[in-house]
Amino acid sequence: MMTGTTPPTNPARPRRSRPRSYLPLAIAAWLVLEIWLLTVVADAAGGFTVFLLLIAGIVLGSVLIKRAGRRAFRRLSEALQQQQTAAVPAGDRRGSGNALTMLGGLLLIMPGLISDALGLLCLLPPVQKVLSRYAERTFERRLQAATPGSLGDAFQQARIRRPDGKVVQGEVIRDDAPPASHPDAGPRPPLTP
């Protein structure tokens, strides 16, 4: 189909970041390393021992995910109940590593000894504290660098609070552009059968 315009010879594609371009290679290397480590441990301790280790990781990971999910649901229902009764929350209670507990459980469920070691590492409170601080700083930095009109900008505007600590809820209406006129915006005649 000819439109009268020539297609660009070099279409402008956004450049991939360096971590995104190496991610498939890193995943493949990780899988090869997991399989190699499983075979080494199976040679040293026996195949049945490796099987029991993998089953124990799956059971422990599912228990951790279930417990963290219940805790998150309980906190959500408590917060909603406090909001309905207009009660003042008793201090700033954070998730206390709920997301990292779920991540640790997920890593334990994945077959492999390296993922199990990383999952167990995510369950340690000092590691949870360091990772949560790092994630919070990264998130805040990305929010501050948000361009106008982006999702980060909208989230930052939604977090605006009044000086007395109350959250101001509202809707943003832009008057920048005139409303678009639609050909069928006028009154419609009644439908007849």
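Here is what the cut-offs are and how they apply
Residues numbered from 1 in each chain as written. Predicted model: local features only at pLDDT ≥ 70, side-chain atom pairs only at ≥ 80, totals over all residues. Heavy atoms only, no water. Helix = DSSP H or I, 4+ residues; strand = E, 2+ residues; numbered from the N terminus. Contact = heavy atoms within 4.5 Å. Areas by Shrake-Rupley, 256 points an atom, 1.4 Å probe, with all protein chains shown as cover. Expected span 1.5 Å × (residues − 1). Buried < 20%, exposed > 50% of the residue type's maximum accessible area, 1.4 Å probe, protein only. Patch = residues over 30% accessible without salt bridge, like charges linked within 9 Å, V, L, I, M, F, W, Y side chains within 5 Å. Salt bridge = Lys/Arg side-chain N within 4 Å of Asp/Glu carboxyl O. Lys, Arg positive; Asp, Glu negative; His and termini not counted. Charge placed at Lys NZ, Arg CZ, Asp CG, Glu CD. Axes fitted to C-alpha atoms, helices over the stretch in contact; angles between N-to-C directions. Parallel < 35°, antiparallel > 145°, perpendicular 65-115°, else oblique. Nonpolar A, V, L, I, M, F, W, Y, C, P; charged D, E, K, R; others polar. pLDDT = per-residue confidence, 0-100. Polar contact = N/O pair within 3.5 Å; in protein donor to acceptor, adjacent residues only side chain to side chain.

J.: Can you tell me about the overall build of the chain, naming the residues and giving the values?
T.: The number of helices and strands found in the chain is six helices and zero strands. When the helices and strands of the chain are placed in sequence order, the string is α-α-α-α-α-α. Sequence-distant contacts in the chain: of pairs separated by 6 or more residues, those separated by 24 or more amount to 52%. Looking at the chain as shown, the accessible area adds up to about 16500 Å², and 65% of this sits on carbon and sulfur atoms.

J.: Account for helix H3 (residues 98-109), with residues named and values stated.
T.: Given a rise of 1.5 Å per residue, 12 residues ought to cover 16 Å, and the 17 Å separating the end C-alpha atoms of H3 matches this to within 8%. Asn 98, Leu 100, Thr 101, Gly 104, Gly 105, Leu 107 and Leu 108 are the residues of H3 that are buried. Buried residues along H3 sit against helix H2 (47-85), helix H4 (113-122) and helix H5 (125-144).

J.: Break down a positive patch on the surface for me, with residues and values.
T.: A surface patch of positive charge is lined by Lys 129, Arg 133, Arg 137, Arg 141 and Arg 142. Tracing the chain through its elements places Arg 142 in helix H5. The exposure class of Arg 142 is exposed, given its relative accessible area of 65%.

J.: Outline the side chain of Asp 116, listing residues and values.
T.: Of note, Asp 116 is situated in helix H4. This buried residue, Asp 116, is left without a salt bridge; Arg 67 holds the nearest opposite charge, at 16 Å. Ignoring any residue separated from it by four or fewer positions in sequence, one finds Asp 116 in contact with Leu 53, Leu 107, Leu 108 and Met 110.

J.: Any details on the environment of Ala 117? Residues and values, ideally.
T.: Structurally, Ala 117 is set in helix H4. Along the sequence, Ala 117 and Leu 107 sit 10 residues apart, while their C-alpha atoms lie 8.4 Å from each other.

J.: So what's going on with the packing of helix H1 (residues 18-45) against H2? Which residues, and what values?
T.: Contact geometry for H1 and H2: axes closest at 7 Å, N-to-C directions at 125°. Between H1 and H2, the angle falls in the class oblique. Residue-level inspection shows Leu 38, Val 41, Ala 42 and Ala 45 of H1 in contact with H2, the latter providing Gly 47, Thr 49, Val 50 and Leu 54. When its residues are assigned to classes, the contact of H1 with H2 shows six nonpolar, two polar and no charged.

J.: Pulling in residues and values, what's your account of a nonpolar patch on the surface?
T.: On the surface, Phe 48, Phe 51, Leu 52, Ile 55, Ile 58, Val 59 and Val 63 cluster together to form a nonpolar patch covering roughly 650 Å² of accessible area. Locating Leu 52 in the fold gives a position in helix H2.

J.: So what about the packing of H1 against H4? Which residues, and what values?
T.: Direction vectors running N to C along H1 and H4 enclose 100°, while the axes themselves pass 8 Å from each other. When the axes of H1 and H4 are compared, the pair comes out roughly perpendicular. For the pair H1 and H4, contact is made by Trp 30, Leu 33, Glu 34, Leu 37, Leu 38 and Val 41 and by Leu 113, Ile 114 and Ser 115, respectively. Tallied by class, the residues present in the contact of H1 with H4 amount to seven nonpolar, one polar and one charged.

J.: If you had to explain the confidence of the model for the chain to someone new, which residues and values would you point to?
T.: Looking at the chain as a whole, its pLDDT mean stands at 78, while 64% of the residues score no less than 70. Element-level mean pLDDT values for the chain span from 61 in helix H6 (residues 151-158) up to 92 in H4.

J.: Describe the side chain of Glu 34, listing the residues and the values that go with them.
T.: For Glu 34, the position within the fold is in helix H1. Of note is the side chain of Glu 34, whose polar atom sits 2.9 Å from the backbone nitrogen of Leu 113. In terms of polar contacts, Glu 34 uses its side chain to reach the backbone amide nitrogen of Ile 114, at 3.1 Å. Once you skip the residues sitting within four places of it in the chain, Glu 34 turns out to touch Pro 111, Gly 112, Leu 113, Ile 114 and Ser 115.

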